[in-house]
There are 4 protein chains.
Amino acid sequence: MIVILKENPDEKQLNNLTTWLKNQGISLHTSKGLHQTILGLVGDTSKIDIDLIKQMEIVEDVKRVQEPFKNANRKFHPLDTVIHVGNAVIGGGSMTVIAGPCSVESEEQIITVARSVKKSGATLLRGGAFKPRTSPYAFQGLRGDGIKLLLEAKKETGLPIVTEIMDLSQLDLFDEVDVIQVGARNMQNFELLKQLGRTRKPILLKRGLANTYQELLMSAEYIMASGNEQVILCERGIRTFETYTRNTLDISAIPALKTLSHLPIIIDPSHAAGIARFVAPLSMAAVAAGADGLIIEVHNDPPHALCDGLQSLTMEDFDHLMKKIHVLKEACDSCK
Amino acid sequence: MIVILKENPDEKQLNNLTTWLKNQGISLHTSKGLHQTILGLVGDTSKIDIDLIKQMEIVEDVKRVQEPFKNANRKFHPLDTVIHVGNAVIGGGSMTVIAGPCSVESEEQIITVARSVKKSGATLLRGGAFKPRTSPYAFQGLRGDGIKLLLEAKKETGLPIVTEIMDLSQLDLFDEVDVIQVGARNMQNFELLKQLGRTRKPILLKRGLANTYQELLMSAEYIMASGNEQVILCERGIRTFETYTRNTLDISAIPALKTLSHLPIIIDPSHAAGIARFVAPLSMAAVAAGADGLIIEVHNDPPHALCDGLQSLTMEDFDHLMKKIHVLKEACDSCK
Amino acid sequence: MIVILKENPDEKQLNNLTTWLKNQGISLHTSKGLHQTILGLVGDTSKIDIDLIKQMEIVEDVKRVQEPFKNANRKFHPLDTVIHVGNAVIGGGSMTVIAGPCSVESEEQIITVARSVKKSGATLLRGGAFKPRTSPYAFQGLRGDGIKLLLEAKKETGLPIVTEIMDLSQLDLFDEVDVIQVGARNMQNFELLKQLGRTRKPILLKRGLANTYQELLMSAEYIMASGNEQVILCERGIRTFETYTRNTLDISAIPALKTLSHLPIIIDPSHAAGIARFVAPLSMAAVAAGADGLIIEVHNDPPHALCDGLQSLTMEDFDHLMKKIHVLKEACDSCK
Amino acid sequence: MIVILKENPDEKQLNNLTTWLKNQGISLHTSKGLHQTILGLVGDTSKIDIDLIKQMEIVEDVKRVQEPFKNANRKFHPLDTVIHVGNAVIGGGSMTVIAGPCSVESEEQIITVARSVKKSGATLLRGGAFKPRTSPYAFQGLRGDGIKLLLEAKKETGLPIVTEIMDLSQLDLFDEVDVIQVGARNMQNFELLKQLGRTRKPILLKRGLANTYQELLMSAEYIMASGNEQVILCERGIRTFETYTRNTLDISAIPALKTLSHLPIIIDPSHAAGIARFVAPLSMAAVAAGADGLIIEVHNDPPHALCDGLQSLTMEDFDHLMKKIHVLKEACDSCK
């Protein structure tokens, strides 16, 4: 961390600042210029509140040199985190595909889709029980009953299940859920993150619509700081000025997050595109760029889906896509 | 709502669509072109799920003509909503100033600030007890104890209090709070909004960092649809590419939200600017543009504030600003 | 196009509007609701100025159903445009790689790089002569002399050359240039676009930093409307809130632009990433998503490049990447 | 400027870097930590190319402490720049209003509007001759003839004229134009800026749709570095996710640019809002926030304007607004 002081800083205040920093185990190096003095802070600055320093009267600006996240930081954990759920392996060079409908609608629907995606090669089942919808008048999900139906499908197929939590009060219902998803709109619901950090389940953490890599990793840090190291990062498209696609898939998130962090990163091409026929090219792009997995919406009858049918693949299209992903992954692995 | 059909739509599917719409009380007008057929939907379309129609095979596109919010819509409630809290009146042409520290830190601090801002003309006291912070290592607020201190300050000064809720589980602690604030990061925490709709307290709803007016009003609609009509909209700056200021105050939100909705709109210049010396010009701008109120951070000792000291006014600066606001408001009222 | 009228529109004004539209060959279908009347406009509406209609007193809103671009629209030109330059073929399922340094610096540099990238499989040579730089104090390119050096390299290697024009006044210097590039900051320099529409050279048109697909295609339309059909679209990253990468590559632009338009689309991973080690994963993603080509920065000595060395590949890295691209392209073609 | 070195930097390369910097008159202060060495650069770093340093092998990151603009920087020119055009005074605490139609359409129109806005208190006349339009099929302005009509209006009323240049090739036609406007889309047309820096006319420089304050000031720096100190900055709304208004007026640009620079700053509420009835509240906000002036679209017959009629005020509305601005400005001046 670097602290840039104003011209002619008050000696007493400067003394207060340097003493306070030294008490926190930071050593200091001073560069004095004609108009500016710069303090170089050396040591573990991740727990120093940058805002506290910025607001001091003698300080002009503060700049971070190190990232403010620690548990999620690859610098301190060079090896990839690998998460095991049922037969699925997430991270470390594998390609895991999570598939299923946007919303759980009925026992028949979820079991039909679960069997089909399993046959095509998916190793986890997704399905929405609690649905965050912009309008209070839109379908809000089957809620607790949806989770029961997912568990039925798990019993039938053996696929571990992934589903979204929207509020802490729902946590008891997630006892038998294998992976808990935190949606984009909840990425900075810090009370929820803290509590999920106290569970021992893998958390699929979706990046918010207008959030940066660092903010995503700080949210992962909330979970990890509470003791849960099993965080799966998920890029699902960000908001940009382009409205032709529902969101804009930030494909660079793959190499970038892999550089910054040791956590696995999966891609959600369905929400990113919002258009079913773009799901295949975006999935292919994600595999080629080195993603650890994909989470794809598949429905037995997209035109009659209760939500997001627009972006759901048919079971046939998904099967075809899985074959292409297999070919592509092999080609990529052959020329690393 | 307008539905644009694909060329040569399947007759049976078209029949299904039109029957379904008519059953919901919608009447239809058809325009047939050479390449396109357009259905005009007439009636109350606010409760029709636009996505359900979009995903039908025969549909090319759907466009809304009416807004999807109803309770918050000025078209159906032409008169301004006016909210009374203690002696404060929010909405309907008045100018209400809410002031107080970013965080409640101690009894002495909150009472000192409360007395001072009351003397300067503020009619509500703000203060953060639960603090949403990007880093798990930053100060998270005094939480329940913070609310107790706010209630002390209320007892001392008579000022009603405004403070932020971060999670449903905290709701019991808000029994004696006068106005409950929903922060920008929780604007689309739909479970929270629904529950707040069941209280009978005014809700101060902050616009999310990357959300549109319509999304803000849909969140207000969540609260109102659950039975609570007392929603105060708050513009607190949006995220843009400009990073010199903490956020970018969208001043047009004032006339725009007043056109779209009957709800009062207040401005938070402190979070918008993030820099204390910009709070005065932004406050002046808000008054001149017709805001119903301001929410301003004031601290007895900004350089030692535990958070956001950078953007807090001193009590003296706030007093000076209140005098300017008074002159300005009078000038604006004189030339309407 | 759909025109939504205000309640009780003035009869005479409505008559004026409908007569004016009919005179332009548009036929009209009217849907009358209780509160709203909707006009459906059928015919070629691409040349109707939407703003002119919007501002009429009796009009509440106007919505486009068809795209406002025509020459660039796949609906009217279903077959892919294929552009031939030297031995390179751009569009129609091929994969063309354009490579070379950010800036032309010396005869030795450009010839060394040209020979090397040719050997690795590039079929066009890029190199900046006129350089748009944010600061007036930064290196502005060798300008006219840079173009001469590019022509030397072309003579040596046979590679056709691509270089950027910054202003109309430079056009004479581009006589022997094979493909003229329009930079992101000039995407809406309409006078330049019109003039380039009068040349008979392929134009590489880069998407602006904050522009939509439709705006990009309208800029292509400017060139095409002036008579030049040879436009190559280029996605080079857009500005988002993420600053870790220089820009954010919008990978969905590939399937989206291929749906909307028949023009070839190439990807610039170097400017998108701004970081050399991300160029390979982004290139792989672009190939997998179906791009028609890549434009990649390669330098013989990146640490001493006069600009953008940060994002340039070494000649060795580029050679290695070309081998991977070859494997990937073959795998993709095998499973279409 | 601060240079952060990688761990264990190569001694020879480090020596090269420090020698090179010292040769440019920079003195260096070194802070050595366990894992990091930081160089503090002291002296005039505005002309040092930050990218050149960033790409060196031994460098991890470079951070600017000082702004990269110099001529436009208030630090080096503490006093406000004041620009005189005819009877108008722009900057230094005055409030100048520039008014006129979006496009010049006819002699009668421009003279009618000019007389009216002069009577209401405007001191400069605006009017578009060259019009940047997204579609090649939209009205492109009267071009050279438009400038002739503006000069007629100037002769009639004595009002100096402001009009936009779109390309260098048009410069000869601007001989008698008083203030040359550079549009938002040309803010980074560097060749144009350089050439305008060689004229001796005031330049009204509009901020680009997605550009930062620093980029705007760097574009001003291009003009000033070529010798023309008379630059007027103009905020005209930026692109955000909100589409209800045409653009989003960044009202904070007023105090921010006044802090960073000594150049005058004026506001264009017409383009920012895109809706006529929002022009008055945004103008009031701009005055209250301390703008040096306004540029407002006024038309004698907005519903029949050839472009942007939607956002133009009638002459009566403008007259009414000027009266309110006068009252407001007086109130603001009275309580500074």
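One numbering rule holds for all chains: residues counted from 1, following each sequence as written. Chain labels run from A onward and ligand labels from 1 onward, assigned in the order the entries are written. Restriction of local features to residues with pLDDT of at least 70 applies here, the model being predicted, together with a cutoff of 80 or more for giving and counting side-chain atom pairs; totals for whole chains, interfaces and linings are based on all residues. Water and hydrogen atoms were dropped before computing side-chain values, which therefore reflect all heavy atoms in the structure.

Okay, the sheet that holds strand S3 (residues 37–42) of chain D next. Strand pairing in a sheet relies on backbone hydrogen bonds. The paired strands run either parallel or antiparallel. Residue and element names in this part refer to chain D. A pair of strands is treated as paired once DSSP finds two or more bridges between them. Each helix is a run of H or I in the DSSP string that is no shorter than four residues. Each strand is a run of E no shorter than two, and both are numbered from the N terminus. If you walk across this open sheet you meet the four strands as S2-S3-S1-S4, and the pairing is antiparallel. Of all strands in the sheet, those with a lone pairing partner are strand S2 (27–32) and strand S4 (59–63), marking the two edges. Neighbour-to-neighbour, the strand axes of the sheet open up by a mean angle of 20°, direction not taken into account. Packing of helix H1 (residues 11–23) onto the sheet brings it into contact with strand S1 (2–5), S2, S3 and S4, and relative to S3 it is tilted by some 15°. Helix axes use the C-alpha atoms of the stretch in contact, all axes being lines fitted to C-alpha atoms, and the angles between their N-to-C directions lie in the range 0 to 180 degrees. The criterion used for residue contact is that any of the two residues' heavy atoms lie within 4.5 Å.

With that settled, consider the sheet that holds strand S14 (residues 293–297) of chain C. All names here are of chain C. Read once around its circumference, the closed barrel built from eight strands follows the order S7-S8-S9-S10-S11-S12-S13-S14, with strand pairing classed as parallel. Pairwise comparison of adjacent strand axes, ignoring direction, gives a mean angle of 30° for this sheet. Note that strand S12 (residues 231–235) and strand S13 (residues 265–267) share three bridges and pair parallel. What sits directly across from Leu 233, in S13, is Ile 265. Those strands touched by helix H7 (residues 253–260) are S12 and S13, and its axis lies near 165° from that of S13. Against the sheet, helix H9 (residues 276–289) engages S13 and S14, with an angle of about 170° to S14.

All names here are of chain B. Residue burial is assigned from relative accessible area. The probe radius is 1.4 Å, only protein chains are included, and a residue is buried under 20% of its type maximum, exposed over 50%, and partly exposed in between. The element strand S9 (residues 161–165) is extensively covered by neighbouring structure, given that five of its five residues are classed as buried. In this structure, strand S8 (residues 124–126) lies alongside S9, joined through two bridges in parallel fashion. Following the sheet pairing, Leu 125 is matched in S9 by Ile 161. Sheet topology note: the S9/strand S10 (residues 179–182) ladder contains four bridges and is parallel. Pairing of Val 162 across the sheet is with Val 179, part of S10.

Superposing chain B onto chain A requires a rotation of 180° together with a translation of 0.0 Å along the rotation axis, leaving an RMSD of 0.0 Å. The superposition operator between the copies reduces to a two-fold rotation axis. Across chain B, the rotation axis passes nearest the C-alpha of Ala 210 of chain B, at a separation of 3.1 Å. Least-squares fitting of one copy onto the other uses the C-alpha atoms of those residues that reach a pLDDT of at least 70 in both copies.

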